[in-house]
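Structural overview for review
The chain contents come next:
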Amino acid sequence: MEAQVLTPHVYWAQRHRELYLRVELSDVQNPAISITENVLHFKAQGHGAKGDNVYEFHLEFLDLVKSEPVYKLTQRQVNITVQKKVSQWWERLTKQEKRPLFLAPDFDRWLDESDAEMELRAKEEERLNKLRLESQGSPETLTSLKKGYLFMYNFVQFLGFSWVFVNMTVRFCILGKESFYDTFHTVADMMYFCQMLAVVETINAAIGVTKSPVIPSLIQLLGRNFILFIVFGTMEEMQNKAVVFFVFYTWSMTEIFRYPFYMLTCIDMDWKVVTWLRYTVWIPLYPLGCLAEAVSVIQSIPVFNETGRFSFTLPYPVKVKVRFSFFLQIYLIMLFLGLYINFRHLYKQRRRRYGQKKKKIH
């Protein structure tokens, strides 16, 4: 009696250039896999959902594919790779709109179109970097130097912000609220150092040493340095205010979780706790830091008005005095705009890292 012909379970995923099919059959013998007239034909003896039988199926693809499928047999399944003739994203696998009952998405390999584009760009960037490094010298040597440089930069920043954080925490535990009012005179030198060194981070992003986007990095650099050097640094009246404590504390608390993550990345290590903290602590700390910065700007407006510092008079015939507080009010608007841009950027990073619940995809 001939073995009954059945249809196996088939799971699929795609990239812009390729299609991936996983056929759930174990102990496959003599597979016949071919593509004719844009239709994939599969027939094989194996053990599937209905036991040991001959299984077969046919799929007519949505668009043109190359007629040379590549397959690999494993003990539990058959993996088939099909090349698209044109690199593009398909809305579905088959020409018929109704999905065959035996076909389902392969969520182990599934990516949305935007994620697939990022993967494609990453591969292309990796290929171009490899070619560039090969023309410049040994890739291993250059990569090691780059990782060593980035590790040391992140390590120094971690030490600096850790010193600020520990110093402020210990002083608060000993002195209580009294420690708020001399925070600037206690830790300002180290904060100056760390924030001036942070310029390197923006330069690294701008010249391609790191893959960080330039705009969010530049917004944070300029915003923090404006508060530190202009609002606090030039006005002694502001240096004794409690708000300095909260600004410095939120800054340092954010960075003591961020820089260890970057250090571990440089040495190809992934500690789940550190990674989770890196992608999570900013959620409360960024708005709190922004609020503390806004309070410091608001408190500085009457101080700048009273002293007249950085105010100026427009030349004849206008002769209008422009107070620096006018620019501080503009900065307040820019501050919350910058918060939105950075918050959106960090949210996208977190979503890419941890993902969302997979949708049911046809």
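What comes next concerns the included structure. Keep in mind that this is a model prediction, so the values were computed, not measured. (Residues numbered from 1 in each chain as written. Predicted model: local features only at pLDDT ≥ 70, side-chain atom pairs only at ≥ 80, totals over all residues. Heavy atoms only, no water.)

This part takes up the packing of helix H3 (residues 183-197) against helix H4 (residues 199-207). Their axes nearest at 4 Å, the elements H3 and H4 cross at an angle of 10°. Our classification of the angle between H3 and H4 gives roughly parallel. Seen from H3, the contacting residues are Gln-195, Met-196 and Leu-197; seen from H4, they are Val-199, Val-200 and Glu-201. Grouping the amino acids of the contact of H3 with H4 by side-chain chemistry returns 4 nonpolar, 1 polar and 1 charged. (Axes fitted to C-alpha atoms, helices over the stretch in contact; angles between N-to-C directions. Helix = DSSP H or I, 4+ residues; strand = E, 2+ residues; numbered from the N terminus. Parallel < 35°, antiparallel > 145°, perpendicular 65-115°, else oblique. Contact = heavy atoms within 4.5 Å. Nonpolar A, V, L, I, M, F, W, Y, C, P; charged D, E, K, R; others polar.)

Side chains of Ile-215, Phe-312, Leu-314, Val-318, Val-320, Phe-326, Phe-327, Ile-330, Met-334, Leu-337, Tyr-340 and Ile-341 sit close together on the surface and give an oily, nonpolar patch of about 1,100 Å² of accessible area. At 7 residues, the largest contribution of residues to the nonpolar patch is made by helix H10 (residues 324-354). Its place among the elements puts Ile-341 in helix H10. Assessed through its relative accessible area of 30%, Ile-341 is described here as partly exposed. (Patch = residues over 30% accessible without salt bridge, like charges linked within 9 Å, V, L, I, M, F, W, Y side chains within 5 Å. Areas by Shrake-Rupley, 256 points an atom, 1.4 Å probe, with all protein chains shown as cover. Salt bridge = Lys/Arg side-chain N within 4 Å of Asp/Glu carboxyl O. Buried < 20%, exposed > 50% of the residue type's maximum accessible area, 1.4 Å probe, protein only.)

For helix H9 (residues 282-307), with 26 residues, the first-to-last C-alpha span of 36 Å sits near the 38 Å given by 1.5 Å per residue. Immediately beyond the C-terminal end of H9, within one or two residues, lies Gly-308, with a positive phi of roughly 75°. (Expected span 1.5 Å × (residues − 1).)

Overall, mixed pairing links the 5 strands, which are arranged E7-E8-E3-E2-E9 in an open sheet. Edge strands, defined here as strands with exactly one partner in the open sheet, are strand E7 (70-73) and strand E9 (103-105). Ignoring strand direction, the axes of neighbouring strands in this sheet form an average angle of 25°. Where strand E2 (residues 10-14) lies against strand E3 (residues 18-23), 5 bridges are found, and the strand directions are antiparallel. Bridged to Gln-14 within E3 is Leu-19. (Pairing = 2+ DSSP bridges.)

Turning next to the environment of Val-82. Within the secondary structure, Val-82 sits in strand E8 (residues 78-83). Residue Val-82 is classed as buried on the basis of its relative accessible area of 0%. When the C-alpha positions of Val-82 and Arg-351 are compared, they lie 30 Å apart, and in sequence the two are 269 residues distant. Those residues within four positions of Val-82 in sequence are excluded, and the remaining contacts are Arg-17, Glu-18, Leu-19, Leu-21, Ile-35, Phe-61, Val-65, Lys-66 and Pro-69.

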